[in-house]
Amino acid sequence: MFGFLKNKSDPSDQVTEQQAPRPAWGERLKAGLSRTRDTLNTPLTELFSRARIDGELLDELEMTLLMADCGVEATQWLLAELKASVKRDKLETPSQLSAALAKGLETLLTPLEKPIELGAHQPFVIMIAGVNGAGKTTSIGKLAKHFQSQGKSVLLAAGDTFRAAAREQLTAWGERNGITVIAQESGDPAAVVFDAINAAKARKIDVVLADTAGRLPTQLHLMEEIAKIRRVIQKADSTGPHEVLMVLDANIGQNAVQQVKAFDKAIGVTGLVITKLDGTAKGGVLAAIARQCPKPVRFIGIGEGIDDLQAFRASEFVEALLGPT
Ligand SMILES: Nc1nc2c(ncn2[C@@H]2O[C@H](COP(=O)(O)OP(=O)(O)O)[C@@H](O)[C@H]2O)c(=O)[nH]1
Ligand SMILES: [Mg+2]
């Protein structure tokens, strides 16, 4: 259930790891986004091969964008851009619209492209939040490796104190990868995170990644608990947390907007990780986020492997979604 965090005695993992080198990120992104890509491209190919641009074509284009979970607001925005572009650039054939759509989507998504910048603080404290199963713990493992590869030292706070198994798994994984994991038998996640920040200060660690248990925005006591974790981080380091990273499973589509708003209200979300873009047809949710709850998309996840999480780049994303095969 944990992908690379799985118990290493599972031989299937090791076999795949030792096989032929994996394709480059761009290729894997395209493959990962294939379900959203198909949802868009099958109708778009037909639309863009028509003889002329008319109202019917634009209506069908609208439906197609909605099917990929772009949401009403982003879809209206994209259509308005396209209509303006038809006039301004004197587009005549539907095939010319194709490039205009890609350009519009890139314009929409580019403001979300704001990579995380460490360095201003040491330790740089990153608090992770989200609902159960969104991919928080897995993403923490991937992020730890990502920061290590940039020469940063990393410490993990096992702040999901609800599941003992999760804590043990994280600790074992940390040991194998030379990453300190601060965990406690006690049930108080705020105390774990407080200890972790102090340990990181004492050891001059660059980045603290604080895991938290999953919770729904409707579980008010749990939302209050996570707000408390944030306050305790601030007590341990008055400049922190330096990033409040919300992890979202792309499969929830439009629900992402309400979730981001609710977590933002409770803990002040500063960045997003969108996981499981592989295997969902709802990749358009990034467009909805761009219009309805714009927060920097720091990373996107396209699989369970340790290197299946990378920084979000709008042009690369649009190319993988709408570019030639
Ligand atoms: N396909 C796919 N699975 C993922 C991705 N990220 C996480 N997962 C899987 O989602 C499941 C839940 O992840 P976990 O990190 O335990 O979620 P948490 O409850 O938020 O900590 C695990 O099986 C992960 O391997 C992703 O980008 N793609
Ligand atoms: Mg977890």
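Our subject is the structure listed above.
None of these values were measured; they are calculated from a predicted model.

### Brief notes about the environment of V208
You can see V208 is positioned in strand β4 (residues 207-210). Residues in contact with V208, not counting those within four places in the same chain, are P123, F124, V125, I126, L155 and A200.

### Comments concerning the nonpolar core
Grouped together as the largest cluster of nonpolar side chains are 104 residues, with contacts concentrated most on L109, L156, L209 and I274. For L209, the contacting residues outside a window of four places in its chain are I126, I128, I140, L143, A144, F147, V154, L155, L156 and A157.

### With respect to the pairing of β4
The alternating pattern of β4 places V207 and L209 on one face and V208 and A210 on the opposite face, and all of these are buried. Summarising the sheet, strand β1 (residues 124-129) and β4 pair through 4 bridges and their orientation is parallel. Residue pairing across strands places F124 opposite V207, the latter belonging to β4. Two strands pair when backbone bridges link them, and strand β2 (residues 154-157) and β4 are joined in this way by 4 bridges, in the parallel orientation. Its bridge partner lying in β4, V154 is registered against V207.

### A short note on the pattern of salt bridges
Applying the stated criterion across every chain yields a total of 16 salt bridges. In this structure, the salt-bridge partner of R22 is D308, at a minimum N-O distance of 2.8 Å. With R22 in the loop between α1 (11-18) and α2 (25-32) and D308 in the loop between β7 (297-301) and β8 (309-311), the pair connects residues that are 286 residues apart, well separated along the chain. Where R52 meets D54, a salt bridge forms, and the shortest distance between an N and an O atom there is 3.8 Å. Overlapping salt bridges bring together R22, R28, D307 and D308 as one network.

### Observations concerning helix α6 (residues 94-109)
In a regular helix each residue adds 1.5 Å, so 16 residues correspond to 22 Å; α6 covers 23 Å between its end C-alpha atoms and thus fits that length. Every buried residue of α6 is accounted for by P94, L97, A100, L101, G104, L105, L108 and L109. Across the axial projection of α6, the buried residues extend over an arc of 160 degrees, all falling on one side. Seen from the open side of α6, the exposed residues pointing more than 90 degrees away from its buried face are A99 and K103. At its buried positions, α6 is contacted by α3 (34-48), α4 (55-67), α5 (71-88), α12 (285-292) and α13 (314-322).

Thresholds applied
- Counting of residues starts from 1 at the beginning of each chain's written sequence and follows it residue by residue.
- The order in which chains are written sets their letters, starting at A; the order in which ligands are written sets their numbers, starting at 1.
- For a predicted model such as this one, the threshold for reporting local features is a pLDDT of at least 70, and the threshold for listing and counting side-chain atom pairs is 80 or more; totals across whole chains, interfaces and linings nevertheless cover every residue.
- Side-chain numbers here rest on the full set of heavy atoms in the structure, without hydrogens or water.
- Labels follow the DSSP assignment, with helices taken as runs of H or I lasting at least four residues and strands as runs of E lasting at least two, numbered in each case from the N terminus.
- What makes two residues a contact is simply this: any of their non-hydrogen atoms within 4.5 Å.
- Here, the term nonpolar core denotes a set of buried Ala, Val, Leu, Ile, Met, Phe, Trp, Tyr and Cys residues that are joined through side-chain atoms within 4.5 Å.
- Remark: exposure states derive from per-residue accessible area (1.4 Å probe, protein chains only) relative to the maximum for the residue type, with buried under 20%, exposed over 50%, and partly exposed in between.
- Strands qualify as paired when DSSP identifies two bridges or more between them.
- Think of a salt bridge as a Lys or Arg side-chain nitrogen and an Asp or Glu carboxyl oxygen that are within 4 Å of each other.
- One less than the number of residues in a helix, times 1.5 Å, gives the span that helix is expected to have.
- By construction, the arc corresponds to the directions joining the helix axis to the C-beta atoms.

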